[in-house]
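Spelled out, the chains give:
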Amino acid sequence: DRSHGGAAAAADGPSQDDESMNVLAQLQTTFCYLEASEKRFFDTADLCAAYKDYDGQPVNTSLQMDVDEFLTILFDKLETALKRTPQKTLLKEVFGGEHAHQVIGKSGGCTHTSERTESFFALQVDVKGKRSVLEGLSAYVEGEMLEGDNKYWCEECGKHVDALKRCCVGRLPTNLIVHLKRFDFDYDLMKKIKVNDHCEVPMTIDMWPFTKEGRAELDAAAQDAAQGDVDMDGADSVAADQSRAPSPKPAPSAACPPGYGYELKGVLVHTGTADSGHYYSYIKERRPLPGRQRPRWFHFNDTMVEAFDERELPRCTFGGMEPITHWDPVQNKHVQRWQQKSFSAYMLFYERIDDERTAAAAAPLAPTASVVPPMPESIHESVWRENTQFFHDRHTFDETYFVFTYDLCRHMIEWRTGSGAAGTPGAGATAMDACPTDVVTEEATAGGGGDAAEESLHLGLVLGTTFFVETLAHAKDKRMVPQWADLLQRGYARSARSCTWFMRQVAHERTWLRQLLLSCTIPEMRSHFAALVIHVVRALRPHELASYPRVAGARAAGAAAGAGEKAAAG
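What you see is a predicted model, and the numbers here were worked out from it, not measured in a lab.

1. Considerations on the overall build of the protein
Part 1 of the reasoning: Assigned secondary structure in the protein consists of 18 helices and 18 strands.
Part 2 of the reasoning: By the burial criterion, 36% of the 570 residues in the protein qualify as buried.
Part 3 of the reasoning: In the protein, the share of contacts with a sequence separation of at least 24, taken over all contacts with a separation of at least 6, comes to 66%.
Part 4 of the reasoning: Of the accessible surface of the protein, which amounts to about 33,100 Å², a share of 54% is contributed by carbon and sulfur atoms.

2. Quick word on the pattern of salt bridges
Part 1 of the reasoning: Evaluation of the coordinates by the stated rule reveals 20 salt bridges.
Part 2 of the reasoning: Ionic pairing is found between Lys265 and Glu263, a salt bridge with its closest N-O pair at 3.6 Å.
Part 3 of the reasoning: Given a relative accessible area of 11%, Lys265 falls into the buried group.
Part 4 of the reasoning: For Glu263, a relative accessible area of 22% translates into the label partly exposed.
Part 5 of the reasoning: Sharing partners across several salt bridges, the network here consists of Arg410, Glu414, Asp486 and Arg490.

3. A look at the confidence of the model for the protein
Part 1 of the reasoning: With 79% of its residues at a pLDDT of 70 or more, the protein shows a mean pLDDT of 81.
Part 2 of the reasoning: The model gives residues 1–14 a pLDDT under 50, and that stretch makes 22 contacts with residues more than four places away or in other chains.
Part 3 of the reasoning: Scored below 50 in pLDDT, residues 417–450 shows 33 contacts in the model against residues more than four places distant or in partner chains.

4. Remarks on the packing of helix α13 (residues 452–470) against helix α15 (residues 496–508)
Part 1 of the reasoning: Where α13 contacts α15, the two axes come as close as 9 Å, and the packing angle between them is 30°. When the axes of α13 and α15 are compared, the pair comes out roughly parallel. Both α13 and α15 take part in a crossing whose hand is right-handed. The residues of α15 that touch α13, namely those facing Glu454, Glu455, Leu457, His458, Leu461, Val462, Thr465 and Thr466, are Arg497, Ser498, Trp501 and Phe502.
Part 2 of the reasoning: Grouping the amino acids of the contact of α13 with α15 by side-chain chemistry returns five nonpolar, four polar and three charged.

5. Some remarks on the sheet that holds strand β4 (residues 144–146)
Part 1 of the reasoning: Here four strands make up an open sheet; going across it, the order is β2-β1-β7-β4 and the pairing antiparallel. Since the sheet does not close on itself, it has two edges, and those belong to β2 (113–120) and β4, each with one partner. Taken pair by pair, the neighbouring strands of this sheet meet at an average axis angle of 30°, ignoring direction.
Part 2 of the reasoning: In terms of strand pairing, strand β1 (residues 97–105) meets β2 through eight bridges, oriented antiparallel. Within the sheet, the bridge partner assigned to Glu98 lies in β2 and is Ser119.

6. Regarding the environment of Arg541
Part 1 of the reasoning: Secondary-structure assignment places Arg541 in helix α17 (residues 523–544).
Part 2 of the reasoning: Distance in space between the C-alpha atoms of Arg541 and Cys499 is 9.7 Å, their sequence separation being 42 residues.

7. Here's the deal with the pairing of strand β10 (residues 191–194)
Part 1 of the reasoning: Two strands pair when backbone bridges link them, and strand β9 (residues 183–186) and β10 are joined in this way by four bridges, in the antiparallel orientation. Within β10, the position partnered with Asp184 by the bridge is Ile193.
Part 2 of the reasoning: Linkage of β9 to β10, two consecutive antiparallel strands, is achieved through a turn of four residues, within which Met190 is found at a positive phi near 55°.

8. Some thoughts on the environment of Lys341
Part 1 of the reasoning: Here Lys341 lies in the loop between β17 (333–340) and β18 (343–352).
Part 2 of the reasoning: Considered as a pair, Lys341 and Met321 are 20 residues apart in the sequence and their alpha carbons are 5.6 Å apart.
Part 3 of the reasoning: For Lys341, the contacting residues outside a window of four places in its chain are Asn196, Pro314, Arg315, Gly319, Gly320, Met321 and Glu322.
Part 4 of the reasoning: One polar contact links the side chain of Lys341 to the main-chain carbonyl oxygen of Arg315, over a distance of 2.8 Å.

9. Comments concerning the nonpolar core
Part 1 of the reasoning: Ranked by internal contacts, the top residues of the largest apolar core, which has 40 residues, are Leu137, Met207, Leu348 and Tyr350.
Part 2 of the reasoning: Listed by contribution, the elements that provide at least two residues to this core are β3 (123–126), α5 (133–142), β7 (163–171), β8 (175–181), β12 (261–272), β13 (277–284), α8 (313–317) and β18.
Part 3 of the reasoning: Beyond its immediate sequence surroundings of up to four residues, Tyr350 is in contact with Thr174, Asn175, Leu176, Val178, Val201, Pro202, Met203, Ile205, Tyr262, Glu263, Leu264 and Lys265.
Part 4 of the reasoning: Core analysis: the next-biggest nonpolar cluster, separate from the first, contains 31 residues, Phe402, Phe502, Trp512 and Leu532 among them.

10. Points about the packing of aromatic side chains
Part 1 of the reasoning: Here the structure, examined in full by the defined rule, presents 17 aromatic pairs.
Part 2 of the reasoning: Seen in terms of ring centroids, Tyr401 and Phe467 are 5.9 Å apart; in terms of plane orientation they differ by 75°. Their pairing is edge-to-face. Here Tyr401, found in helix α11 (residues 399–414), pairs with Phe467, found in helix α13; they are 66 residues apart in sequence, far enough to count as distant.
Part 3 of the reasoning: Since its relative accessible area comes to 34%, Tyr401 is described here as partly exposed.
Part 4 of the reasoning: Ring-pair connections join several aromatic residues into one group, and the members of that group are Phe397, Tyr401, Phe402, Tyr406, Phe467 and Trp484.
Part 5 of the reasoning: Sitting over the ring of Tyr51, Lys77 keeps its end group 5.7 Å from the ring centre.
Part 6 of the reasoning: Between the NZ or CZ atom of Lys192 and the centre of the ring of Phe183, over which it lies, the distance is 5.1 Å.

11. A look at the packing of α13 against helix α14 (residues 481–492)
Part 1 of the reasoning: At a minimum axis separation of 10 Å, α13 and α14 run at an interaxial angle of 145°. Considering the relative orientation of α13 and α14, their crossing is left-handed. On the side of α13, the interface is formed by Leu457, Leu461, Gly464, Thr465, Phe467 and Phe468, while α14 contributes Val481, Trp484, Ala485, Leu488, Gly491 and Tyr492.
Part 2 of the reasoning: Within the contact of α13 with α14, the residues separate by chemical class into nine nonpolar, three polar and no charged.

12. Re α11
Part 1 of the reasoning: For α11, built from 16 residues, the straight-helix expectation of 22 Å at 1.5 Å per residue is met to within 8% by its first-to-last C-alpha distance of 22 Å.
Part 2 of the reasoning: Buried residues of α11: Phe402, Thr405, Tyr406, Cys409, Arg410, His411, Met412 and Ile413, and no others.
Part 3 of the reasoning: Contacts made by the buried residues of α11 are with α10 (377–396), α13 and α14.
Part 4 of the reasoning: One side-chain oxygen at the N-terminal end of α11 lies 3.0 Å from the backbone nitrogen of Thr400; it belongs to Asp398.

Cut-offs applied
- As a convention, each chain's residues are numbered from 1 in the sequence order in which they are written.
- Note on the predicted model: pLDDT of at least 70 is required for a residue's local features to be given, and 80 or more for side-chain atom pairs to be given and counted; whole-chain, interface and lining totals, by contrast, use all residues.
- Only hydrogens and water are set aside when side-chain values are computed; all heavy atoms of the structure are taken into account.
- Secondary structure elements are taken from DSSP: a helix is a run of H or I of four residues or more, a strand is a run of E of two residues or more, and numbering for both begins at the N terminus.
- Burial classification: accessible surface area is computed with a 1.4 Å probe over protein chains only, and a residue below 20% of its type maximum counts as buried, one above 50% as exposed, and the rest as partly exposed.
- The criterion used for residue contact is that any of the two residues' heavy atoms lie within 4.5 Å.
- Surface exposure here means Shrake-Rupley accessible area, sampled with a 1.4 Å probe, where a residue is shielded only by the protein chains that are shown.
- The working definition used for a salt bridge is a side-chain nitrogen of Lys or Arg within 4 Å of a carboxyl oxygen of Asp or Glu.
- pLDDT expresses, on a scale from 0 to 100, how confident the predictor is about each individual residue.
- Fitted lines through C-alpha atoms give the axes, limited to the stretch in contact for helices. The angle between two N-to-C directions lies from 0 to 180 degrees.
- An angle below 35 degrees is read as roughly parallel, one above 145 as roughly antiparallel, one from 65 to 115 as roughly perpendicular, and any other as oblique.
- Take the far helix as your reference; a near helix turned counterclockwise from it by less than a right angle gives a left-handed crossing, and one turned clockwise gives a right-handed crossing.
- For this classification, Asp, Glu, Lys and Arg are treated as charged, while Ala, Val, Leu, Ile, Met, Phe, Trp, Tyr, Cys and Pro are nonpolar and the rest, including Gly, are polar.
- For two strands to be treated as a pair, DSSP must find at least two bridges joining them.
- Any pair of nitrogen or oxygen atoms within 3.5 Å is treated as a polar contact; in protein, a donor-acceptor pairing is required on top of that, and neighbouring residues in sequence qualify only through side-chain atoms on both sides.
- For this analysis, a nonpolar core means a set of buried residues of the types Ala, Val, Leu, Ile, Met, Phe, Trp, Tyr and Cys, connected via side-chain atoms within 4.5 Å.
- Side-chain rings of Phe, Tyr and Trp (the six-membered ring for Trp) are treated as a pair once their centres are within 6.5 Å; stacked means planes under 30 degrees apart, edge-to-face means over 60, and tilted covers the remaining angles.
- The rule is short: NZ of Lys or CZ of Arg within 6 Å of the ring centre and within 35 degrees of the ring normal puts a charge over the ring.
- Here a helix's expected span is defined as the number of its residues, less one, multiplied by 1.5 Å.

Quick look at the structure:
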């Protein structure tokens with residue numbers, strides 16, 4: 001059972017709360033596996049089955065879905081589930097921020113501010129025509145003037161006044177998610193398009209100029225500077241002009257105030273078009289592993305996880321144009337042209353820079369240290385059951401083990417058949433071939449095998465055939481299959497006893513035939529096993545023919561008839 005918790009289903013089916021708790025439990029399981037599993041990736045099939053759409057149906061993984069929409073639904077389900085736990089506000093504490101929608105009076109002596117707050121989990125930033133994310137954030141807080149027929153009614157002043165309407169960040173989250181608006185609607189073409197414009201993503205970002213307090217301080221500084229540059233006679237006219245001007249764009253600060261700095265920790269990339277595509281991620285380690293000075297970046301793409309060079313982030317995430325080379329039949333040569341990249345950053349994940357926490361995170365993780373709270377016992381047991389099986393499989397299907405087993409079986413099958421004398425390694429023999437003769441002889445004699453070479457041959461064929469069928473046939477790397485098939489055929493050609501064992505094994509272990517001749521999807525493996533069966537039957541036929549009198553008699557009569565015909569012809 002991988003669900004690990006959740007309320008029992010009601011008689012008429014699971015409630016929305018039950019479904020949300022199941023999603024929370026599966027998400028907890030997912031992160032526990034990502035933390036403690038030894039595998040390269042984690043299968044999210046159970047999480048996808050728990051994630052229901054608005055109709056209560058499991059998410060269809062074959063359908064395209066915008067990741068921003070997916071994130072909104074996921075956070076909604078998690079908030080619903082967390083209400084039934086002591087961590088009711090956990091999601092808001094980690095990812096939650098607030099927009100501050102402001103209307104600020106700018107004329108007629110009105111300086112009143114009307115403000116409305118709105119919570120958010122991700123900032124929406126335009127990228128069309130923007131050179132960088134910072135430029136998109138500047139546009140986000142720039143706002144617009146309400147004047148003329150569109151003047152703002154100030155309730156405190158009781159009149160219409162010119163006003164600045166804008167949105168800025170009222171409260172910053174601990175972890176800032178920035179959604180880059182890469183999809184737009186083209187009203188000329190009347191269809192949805194993807195914006196592939198080049199947009200730089202900063203590794204660190206100072207959010208102070210985009211906050212409510214930052215905007216207020218910048219506005220005050222701009223107004224003071226404007227008033228100080230004019231004489232008293234022109235002060236009124238300049239102030240009037242200043243009141244009608246939009247709020248100044250933020251200038252980069254020399255030093256980021258504490259609590260406003262953020263560092264890039266992850267990038268979600270979309271590749272494709274507005275109608276279809278694929279998502280993958282670049283994620284930075286939270287702490288460097290022992291022996292490393294700084295955290296590394298990794299590329300996560302379905303089941304593939306690999307180290308990634310941080311210097312490649314601009315090329316792989318900024319979008320824009322890239323050169324490609326193609327063959328021009330007119331010029332009869334390869335030519336270069338530029339085309340838009342189909343891959344670009346779609347969602348950015350920043351973490352607030354905390355001096356104390358940053359210093360702790362920069363220190364390499366001690367081998368016995370842990371920064372993760374203990375996981376539930378049931379999940380821990382499940383993870384380590386899979387880890388144990390994974391370790392077993394990894395060592396079983398290790399290439400070194402394959403070579404060792406092949407050398408061992410080859411030594412046993414070809415023992416005393418080299419160019420040297422009995423028990424002496426022949427030319428080109430490996431170190432394994434130098435195994436002392438008395439060891440094999442003693443083992444064989446103790447087992448009642450008689451001749452040591454025959455016993456060694458038989459045991460080598462039994463071991464080799466079992467390995468060939470039950471291990472090598474299930475391995476991903478099948479480069480050694482032809483070698484093994486040739487070795488076994490040469491061995492069975494010299495041992496009627498081993499051929500008899502093989503036929504009895506095939507008769508009793510019917511899974512061998514079913515798996516390797518019917519279920520196996522690798523043509524090469526099926527072909528080699530079928531050839532081995534036919535080879536053993538042919539090798540065994542002369543020794544078993546006497547056991548079937550009618551067949552032997554018919555064969556003898558045929559031979560006699562042939563001899564008579566030859567004599568008559570002579």
